[in-house]
Amino acid sequence: MRNGSKLLKVLLQASEKAANIARICRQKEALFQLLVQEKSLEEKNPRFFQDFKTLADVLIQETIRHDIEIEFPELAKIVQGEETNVFSNILGESIIVEICSCSKDTTQLLTKVMGNDAVAAELLAAEVHKDVQLSDVPITVDIPIDFDVNIEDLGIWIDPIGKYTSKNSNSRLFNWYLFDKMHTCGAIRGTFVDSTADYINAKETVDEQTGLYLSGLRCVTVLIGVYKKSTGVPVLGVVNQPFCTNIDSQ
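These numbers were taken from a predicted model, which means no experiment stands behind them.

About the thresholds
Residues numbered from 1 in each chain as written. Predicted model: local features only at pLDDT ≥ 70, side-chain atom pairs only at ≥ 80, totals over all residues. Heavy atoms only, no water. Helix = DSSP H or I, 4+ residues; strand = E, 2+ residues; numbered from the N terminus. Buried < 20%, exposed > 50% of the residue type's maximum accessible area, 1.4 Å probe, protein only. Expected span 1.5 Å × (residues − 1). Core = buried A, V, L, I, M, F, W, Y, C linked by side-chain atoms within 4.5 Å. Domains from an automatic or database assignment. Contact = heavy atoms within 4.5 Å. Axes fitted to C-alpha atoms, helices over the stretch in contact; angles between N-to-C directions. Parallel < 35°, antiparallel > 145°, perpendicular 65-115°, else oblique. Left-handed = near helix turned anticlockwise from the far one by under 90°. Salt bridge = Lys/Arg side-chain N within 4 Å of Asp/Glu carboxyl O. Pairing = 2+ DSSP bridges. Phe/Tyr/Trp six-rings, centres within 6.5 Å; stacked < 30°, edge-to-face > 60°. Lys NZ or Arg CZ within 6 Å of the ring centre and 35° of its normal.

Chemist: I tried to follow the overall build of the protein on my own but got confused; where do I start?
Modeler: Broken down by element type, the protein carries seven helices and twelve strands. With 250 residues in all, the protein has 52% of them scored as buried.

Dropping the structure here:
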């Protein structure tokens, strides 16, 4: 399997692990109440009237970074994301969120983030360190084995909780390995915007004429994009919709 195909496999598995984290954070009341922290004025995106920084954002971003590093150590330092990995807990402590070498150590770190809530921390750490196989990912197309990329020329961007509005809202996971070509030919239709508020509020809005889900959990996505640093051209990406079937207890 060539580098591009191998990287796509890693991103698909990482996206499903991220989706699992997003789901458990909403399904467990103890976790959900600890998640929401409003961004500082410096971090807020002026395009959106409501924008939240959550532990889910940070943990998803760092989990994807960690899993990429296992297979491609040279890519770890160039992974960038929507969020900073500094999280302020309910005690006012600022803690750098990172994935440790084992579930026990990650639990201890997250316990500090959550104000000594060891039960919640253990739930999250278990998902972070869970072994997700490609067979666990609901992909709809075959992964090419001959797709190659120059690893040294790649950059990676993560939007832990993004938003995709699409008429094809019943397909839980979209993936593409030549994003620029597929987007040009119309294979990907929709709009990517901020969706943390959709994740927190979960109120669905549907356009009656088009059938598009304009807001709510069905629009929430984990976004991972890969591009050429030399040109900025996107070459690879994954969009995972954790709540497309909207099975949620909140």
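Chemist: What's the story with helix H1 (residues 3–27) in this structure? I'm lost.
Modeler: At 3.6 residues per turn, the α-helix brings residues three or four places apart onto the same side. For H1, built from 25 residues, the straight-helix expectation of 36 Å at 1.5 Å per residue is met to within 8% by its first-to-last C-alpha distance of 36 Å. In terms of burial, H1 is largely enclosed, as 21 of its 25 residues are buried.

Chemist: Explain the nonpolar core to me, please; I cannot follow it from the model alone.
Modeler: If you look at soluble globular proteins, the nonpolar side chains tend to sit buried side by side. Ile64, Leu75, Leu124 and Ile156 are the most contacted members of the largest nonpolar core, which totals 55 residues. For this core, the secondary structure elements donating two or more residues are H1, helix H3 (55–71), helix H4 (103–113), helix H5 (118–128), strand S6 (154–165), strand S11 (220–228) and strand S12 (234–240). Examining the composition of this core, we find that eleven residues originate from one element, H1, more than from any other. Viewed by domain, this core spans two of them, domain 1 (3–129) and domain 2 (150–240), each represented by three or more residues. What leucine 124 contacts, discounting residues up to four positions off in sequence, is Ile21, Ile24, Cys25, Leu31, Leu55, Leu59, Leu110 and Met114.

Chemist: How do you make sense of H4 when you look at a structure like this?
Modeler: What H4 keeps buried is the set Thr106, Thr107, Leu109, Leu110, Thr111 and Val113. The secondary structure elements touched by the buried residues of H4 are H3, strand S4 (86–88), strand S5 (94–96) and H5. Positive phi appears at glycine 115, one or two residues downstream of H4, with a value of about 65 degrees.

Chemist: Explain the packing of H1 against H3 to me, please; I cannot follow it from the model alone.
Modeler: Between two packed helices, the angle of one axis relative to the other and the distance separating the axes together describe the packing. Orientation of H1 relative to H3, taken along the N-to-C sense of each, is 155 degrees, at an axis distance of 9 Å. Here H1 is positioned roughly antiparallel relative to H3, judged by the angle of their axes. Handedness of the crossing formed by H1 with H3: right-handed. Counted together, Lys6, Val10, Leu11, Ala14, Lys17, Ala18, Ile21, Ala22 and Cys25 of H1 and Ala56, Leu59, Ile60, Thr63, Ile64, Asp67, Ile68 and Glu71 of H3 form the full contact between these two elements.

Chemist: I would appreciate a short explanation of the pattern of salt bridges in the present structure.
Modeler: Opposite charge on two side chains lets them pair, provided their charged atoms get close. If you walk through the whole model with that rule in mind, you get seven salt bridges. For aspartate 148, the salt bridge identified is with arginine 2, shortest N-O distance 3.6 Å. Within this pair, whereas aspartate 148 is found in the loop between H5 and S6, its partner arginine 2 is found in the segment before H1, the two being separated by 146 residues in sequence. By relative accessible area, which is 41% here, aspartate 148 ends up partly exposed. Note that glutamate 62 is salt-bridged to arginine 65, the shortest N-O span being 3.0 Å. Of the two residues, glutamate 62 and arginine 65 are both situated in helix H3; the distance of three residues between them amounts to about one turn of the helix. The class of glutamate 62 is buried, set by a relative accessible area of 6%.

Chemist: Sorry, what's going on with the side chain of serine 5 here?
Modeler: With respect to the helices and strands, the residue serine 5 is situated in helix H1. Beyond its immediate chain neighbours, meaning those up to four positions away, serine 5 contacts Ile143, Pro144, Ile145, Asp146 and Phe147.

Chemist: Help me understand the pairing of S12 in this model?
Modeler: Two faces, one strand: in a regular strand the side chains alternate between the faces of the sheet. Buried residues dominate S12, accounting for six of its seven residues. Across six bridges, S11 lies against S12 in antiparallel orientation. Counterpart to leucine 223 in the pairing with S12 is valine 239.

Chemist: Sorry, what's going on with the packing of aromatic side chains here?
Modeler: The description of two aromatic rings rests on the distance between their centres and on the angle between their planes. Under the defined criterion, the tally for this structure stands at zero aromatic pairs. Residue placement shows lysine 6 over the ring face of phenylalanine 72; its charged tip is 5.3 Å from the ring centre.

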